Amino acid sequence: MRPALTAAQDSVEERGLTFEGFGYACRIVHQSAPRTAPLLLLGGSSQNRYSWQSHEKWLAPLCTLITVDLPGYGGSDFLPARYDIGFLADAIQHMLTEIGVPEVNLFGGCFGEVVGLRFAQRHPASVRRIVFAAAASRLPDAYTDAVPRLAHALERGDIEGAADGLVQLFMSNPEAGRVRRHAAVARLLQRQFLTQTPEEIRKAVEHNTRLVTHGCYEPLPVPEVPTLVFTGEYDTLCTPQMGRELAAAMPGALFTTVKEADHLVTVERREESADLIARFCTDRPVHGLPYCHAVETPRAASAAAPV
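In this report, the structure presented in the accompanying data block is examined. As the structure is a computational prediction, the values presented were derived from the model and not from experiment.

On to the pattern of salt bridges. According to the stated counting rule, one finds 16 salt bridges in the structure shown. For R202, the salt bridge goes to E199, with nearest N and O atoms at 3.5 Å. Of the two residues, R202 and E199 both sit in helix 7 (residues 198-214), three residues apart, roughly one turn of that helix. Taking the shortest distance from any N to any O, the salt bridge between R269 and E272 comes out at 2.9 Å. Residue R269 shares its accessibility class with E272, and that shared class is buried. Through salt bridges with shared partners, one network takes in E14, R27, R49, E56 and D69.

Below is the structure:
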């Protein structure tokens, strides 16, 4: 039975696609009276095309929303690690061509930023605005240190141990500062990891191999479009300083931190992160918001610093 549509939705469409022999799928929440370009939401490696449904009530009234399980992720075909981030970026362009969307507002969170940035670098004409969250231009030391331990735990069949390690990796130490819904999100994350299927575990291992093998950043030109980078103030994986570094590498990018949040800012503070994304994509002010610290322009600050 088809679910009833909310007032924010005109229709929801699921599309199965194939790129270079690999099947993948996207989800499109159509908006017939959009206020801005379609919004492409690229989530983290443990998220899929349904992970953003809780944000739809704030975002769908503004524009068409597009989420995707790229090859190697979610419910799509397994993708060997020899296929790099550029392949995933080109798969995004393939999807947009297939569904007839010439230009998007681009959001990328965590691993979604890695793919999103490469997509913007390789296909700049397809990007109108960029918003990145919990992002960095280099692999965090905590991640590269944890990957061998997590891989060995999974090889031994120690799913619980791997889940504990992943929760510790993604979430801040409770002593770092107050984080909204910290305990609830930690339980949610652990349950999500513990209930993975063997195929999902296989994809997760291949994902880590892909990132460690190919890296996450290439110093290619970035399109000069309005750009915002944000993260939780207590993000210990992709720290605020790493977010500033990423913003400084992008022309005119703004940077801010969301209060009482860590790396999982879009889960811990759903309404606030959705509001921030919506404001930026509709050219409304993002300065002076009660849930954010001051907005910075890292590239300008770096250029003005004394030598």
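So much for the structure itself; the text now carries on.
Here strand 8 (residues 254-258) lies mainly inside the structure; five of its five residues are buried. The alternating pattern of strand 8 places L254, T256 and V258 and F255 and T257 on opposite faces, both of which are buried. Bridge analysis of strand 7 (residues 227-232) against strand 8 gives five bridges, and the strand direction is parallel. Within strand 8, the residue paired with T231 across the bridge is T257. Following the backbone out of strand 7, through helix 8 (residues 240-248) and into the adjacent parallel strand 8, one traces a crossover that is right-handed.

Throughout the structure, instances matching the rule amount to seven aromatic pairs. Judged by centre distance (5.0 Å) and plane angle (75 degrees), the rings of F22 and Y83 are edge-to-face. You can see F22 sitting in strand 2 (residues 22-30) and its partner Y83 sitting in the loop between strand 4 (65-69) and helix 2 (85-99), a full 61 residues away along the chain. Taking the centre distance of 6.5 Å and the plane angle of 25 degrees together, the rings of F170 and F193 count as stacked. Residue F170 is located in helix 5 (residues 159-170), and its partner F193 is located in helix 6 (residues 182-194); the two are separated by 23 residues in the primary sequence. Note on accessibility: F170 and F193 belong to one class, buried. Members of the aromatic cluster, joined through ring pairs, are F19, F22, Y83 and F87. It is R202 that lies over the ring of F78; its NZ or CZ is 3.6 Å from the centre.

If you walk across this open sheet you meet the eight strands as 1-2-4-3-5-6-7-8, and the pairing is mixed. Strand pairing shows two members of the sheet lacking a second neighbour, strand 1 (11-19) and strand 8, which therefore form its edges. When strand polarity is set aside, the average angle formed by the axes of neighbouring strands in this sheet is 20 degrees. Those strands touched by helix 2 are strand 1, strand 2, strand 3 (39-42), strand 4 and strand 5 (104-109), and its axis lies near 125 degrees from that of strand 1.

Mapped onto the elements of the fold, S126 is located in the loop between helix 3 (111-122) and strand 6 (127-133). Within the structure, S126 has its side chain in polar contact with the side chain of Q93 (distance 2.7 Å). Apart from residues no more than four positions distant in its own chain, S126 is found in contact with Q93, L96, P102, E103, V104 and F119.

Reading the values: the criteria
Residues numbered from 1 in each chain as written. Predicted model: local features only at pLDDT ≥ 70, side-chain atom pairs only at ≥ 80, totals over all residues. Heavy atoms only, no water. Salt bridge = Lys/Arg side-chain N within 4 Å of Asp/Glu carboxyl O. Helix = DSSP H or I, 4+ residues; strand = E, 2+ residues; numbered from the N terminus. Buried < 20%, exposed > 50% of the residue type's maximum accessible area, 1.4 Å probe, protein only. Pairing = 2+ DSSP bridges. Right-handed = clockwise from strand over helix to strand, strands pointing away. Phe/Tyr/Trp six-rings, centres within 6.5 Å; stacked < 30°, edge-to-face > 60°. Lys NZ or Arg CZ within 6 Å of the ring centre and 35° of its normal. Axes fitted to C-alpha atoms, helices over the stretch in contact; angles between N-to-C directions. Contact = heavy atoms within 4.5 Å. Polar contact = N/O pair within 3.5 Å; in protein donor to acceptor, adjacent residues only side chain to side chain.

In short, the description is geometric, and any link to function would need to be established separately.
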